Amino acid sequence: MKAASRLRAIPSVEKLVQALGPLDVPRPLVVAAARREVAALRGEKALPEFDDAVRRVTAAVEDLRRSRIQPVINGTGILAHTNFGRAPLGEPVVAALSAVASEYNNLEYDIATGGRGDRAAYLEQCLAALCGAEAATVVNNCAAALVLTLRHFTKKKPEVIISRGELIQIGGGFRIPEILEASGARLREIGTTNKTTLADYKRAIGADTAMILKVHRSNFFMRGFVESAETTEIAEIARKRRVPLVEDLGSGAIAATEKLAVIAHEPTPAEVLKRGVDLVMFSGDKLLGGPQAGILAGRARHIAALKRDPFYRALRCDKLILAALQTTAELYLSGAHDSVPMLAMLRVSTNELRARCEKLVAALAGLPLAARVGGGNAQVGGGTLPQSEIPSITLDLMPAKLPLDELAARLRTGTPPVIGYISARRFKLDLRTIFPRHDARLAESIRTASAR
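## Digging into helix α10 (residues 231–240)
Piece 1. Residues Thr231, Ile234, Ala235, Ile237 and Ala238 constitute the buried set of α10. One side of α10 carries all its buried residues, which in axial view fall inside an arc of 165°. Seen from the open side of α10, the exposed residues pointing more than 90 degrees away from its buried face are Arg239 and Lys240.
Piece 2. A positive backbone phi angle near 55° is found at Arg242, which sits one or two residues after α10.

Here's what the structure looks like:
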């Protein structure tokens, strides 16, 4: 086929779009997908049949539709799953979000005086009370809190002291050394990977020292021939040498984790501050169980200085994050933190999970698959408590005809998407991370996936 004739044989964008029929995607996005497909056809040696071209556009639009943020049923057993938005929010928080989002609000308005007010003033008092701190503030995530702190403290002195054993990497390629350097700080690495002593800190402090940074090793652990200086001892040196001591705590547990489940104790911001740390930062969407946020707490003069920094404005949270975090903090302060889903998932017993699983097994009787009550180990996730595995109950599925990966794909691409994992020649769904209110929908999704 000559080039001109070949190009004329390629279907037009409009013809492809009309052939698709109604789709749950805005038309401009469908047109863009069809245009990309037509452009690809121009570079191919053999032209597909028109129906094949339509199927290709349909698949592209469907992939696009699935990439929209939407609810999923998390059967992985990972509670603060970063890929799934980390901590889910409870009903009180959702209600507060709805109320603030649908109305005007007093974000920066002082109702008492009728003039401009301080953004998040009430929330900051709540966070300070939770952390046992003089003051607190919030930015859009914990990485932002670290960057803000580094930029502020290294304006006059460039050096940040940090143990080599704490130069960690967390998810998404976020490396502490690179963040320090990108912030304009100069690293002063001390000690070795496995041993950093108090003497190392003493020797490192000099005229160029801006701060000492401690980073909680929340996503891995070390054992064997290891040694770390006590925080209280480092704090004493820092105080004598008038150098701020800052700790990136990461996980942000407020409740005693060892009382919620058979897991290790995670240090709380209040504990860290009592040990003499001047400023602590942690995430809002991990063990706290709130929205994505970076919370800073500590000495009032440091918090005030950070809020005056011009960079602070670029990192501040919007009304929705502030409303969600405010309600989460109030739940803790009022003793109603049972309403925080993250804590509820940690606390639920295996007996309760087993009872739910038995009902699901009964509901799936008669399908072309075997459903069994199984066992597994859930994890907190989000780079938190890596040594701790929480005994859990799984719904184990063994299809009669379908390969396991095909069953997984069908459940994953259903509505809502259901995500689990394959282990021991079974497709497993951990009920610790599946809300009871979703059990009926889960059973229906399994029926649909197994029947196709």
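Having put the structure on the table, let's press on.
## Brief notes about the sheet that holds strand β5 (residues 159–163)
Piece 1. Read from one edge to the other, the open sheet built from 7 strands follows the order β4-β14-β13-β12-β10-β5-β8, with strand pairing classed as mixed. What marks the edges here is a single partner per strand, and that holds for β4 (135–139) and β8 (186–190). The mean inter-strand angle of the sheet, taken between neighbouring strand axes irrespective of direction, is 25°.

## Details of the nonpolar core
Piece 1. Residues Leu127, Val138, Ile212, Leu325 and Leu346 are the most contacted members of the largest nonpolar core, which totals 60 residues.
Piece 2. Excluding its chain neighbours within four sequence positions, the residues that come into contact with Ile212 are Ile161, Tyr201, Ile205, Ile234, Ala238, Val243, Pro244, Leu245 and Val246.
Piece 3. If you look at the next biggest cluster of nonpolar residues, it comprises 30 residues, including Cys142, Leu148, Met281 and Ile303.

## Quick notes on the packing of helix α5 (residues 91–101) against helix α14 (residues 319–333)
Piece 1. Where α5 contacts α14, the axes come no closer than 9 Å and their chain directions differ by 145°. With respect to the hand of their crossing, α5 and α14 are arranged in right-handed fashion. For the pair α5 and α14, the contacting residues are Pro92, Val93, Ala96, Leu97, Val100 and Ala101 in the first and Lys319, Leu320, Ala323, Ala324, Thr327, Thr328 and Leu331 in the second.
Piece 2. Per-class residue counts for the contact of α5 with α14 are 10 nonpolar, 2 polar and 1 charged.

## Notes on the packing of helix α16 (residues 350–363) against helix α18 (residues 439–451)
Helices that pack against each other are described as a pair by the angle of their axes relative to one another and the distance between those axes.
Piece 1. One way to put it is that α16 packs onto α18 with a least axis distance of 10 Å and a crossing angle of 35°. Both α16 and α18 take part in a crossing whose hand is right-handed. Where α16 approaches α18, its residues Arg356, Leu360 and Ala363 are matched on the opposing element by Asp439, Leu442, Ala443 and Arg447.
Piece 2. The residue makeup of the contact of α16 with α18, split by class, is 4 nonpolar, no polar and 3 charged.

## Topic: the side chain of Lys286
Piece 1. Within the secondary structure, Lys286 sits in the loop between β13 (279–283) and β14 (294–298).
Piece 2. Within the buried set, Lys286 has no salt-bridge partner at all; the shortest N-O distance to an opposite charge, 6.3 Å, is to Asp285.
Piece 3. Once residues within four sequence positions are removed from consideration, Lys286 is found in contact with Arg86, Ala87, Gly250, Ser251, Met342, Gly382 and Thr384.

## A closer look at α14
Piece 1. Over its 15 residues, α14 extends 21 Å from the first C-alpha to the last, a length consistent with the 21 Å expected when each residue adds 1.5 Å.
Piece 2. Next to the buried residues of α14 lie α5, α6 (121–131), β4, β14 and α15 (341–347).
Piece 3. Directly after α14, the chain includes Gly335, whose backbone phi takes a positive value near 75°.

Conventions and cut-offs
- Position numbers for residues count from 1 along each chain, tracking the sequence in the order it is written.
- Per-residue local features of the predicted model are confined to residues with pLDDT of at least 70, and side-chain atom pairs are confined, for both listing and counting, to 80 or more; whole-chain, interface and lining totals are unaffected and use all residues.
- Neither water nor hydrogens contribute to the side-chain values; these are computed over all heavy atoms in the structure.
- Each residue is assigned to one of three classes by its accessible area relative to the maximum for its type, calculated with a 1.4 Å probe on protein chains only: buried under 20%, partly exposed between the two thresholds, exposed over 50%.
- For the purposes of this entry, the term helix denotes a DSSP run of H or I that reaches at least four residues, the term strand denotes a run of E that reaches at least two, and both are numbered from the N terminus.
- Note that the arc is defined by the directions from the helix axis to the C-beta atoms.
- Strands are treated as partners if at least two bridges between them are detected by DSSP.
- What counts as an axis is a line fitted to C-alpha atoms, over the stretch in contact for a helix, and the angles between N-to-C directions run from 0 to 180 degrees.
- Joining through side-chain atoms within 4.5 Å is the link that ties buried Ala, Val, Leu, Ile, Met, Phe, Trp, Tyr and Cys residues into a set, and such a set is a nonpolar core.
- Whether two residues are in contact is decided by their heavy atoms: any pair within 4.5 Å suffices.
- Two helices that cross are described as forming a left-handed crossing if the nearer one is turned anticlockwise from the farther one by less than a right angle, and a right-handed crossing if clockwise.
- Note on residue classes: Ala, Val, Leu, Ile, Met, Phe, Trp, Tyr, Cys and Pro are nonpolar, Asp, Glu, Lys and Arg are charged, and everything else, Gly too, is polar.
- Two residue types count as positive, namely Lys and Arg, and two as negative, namely Asp and Glu; His and chain ends fall outside the count.
- Counted as salt bridges are all cases of a side-chain nitrogen of Lys or Arg within 4 Å of a carboxyl oxygen of Asp or Glu.
- A helix is expected to span 1.5 Å for every residue after the first.

Function cannot be inferred from these measures alone, as they are strictly geometric.
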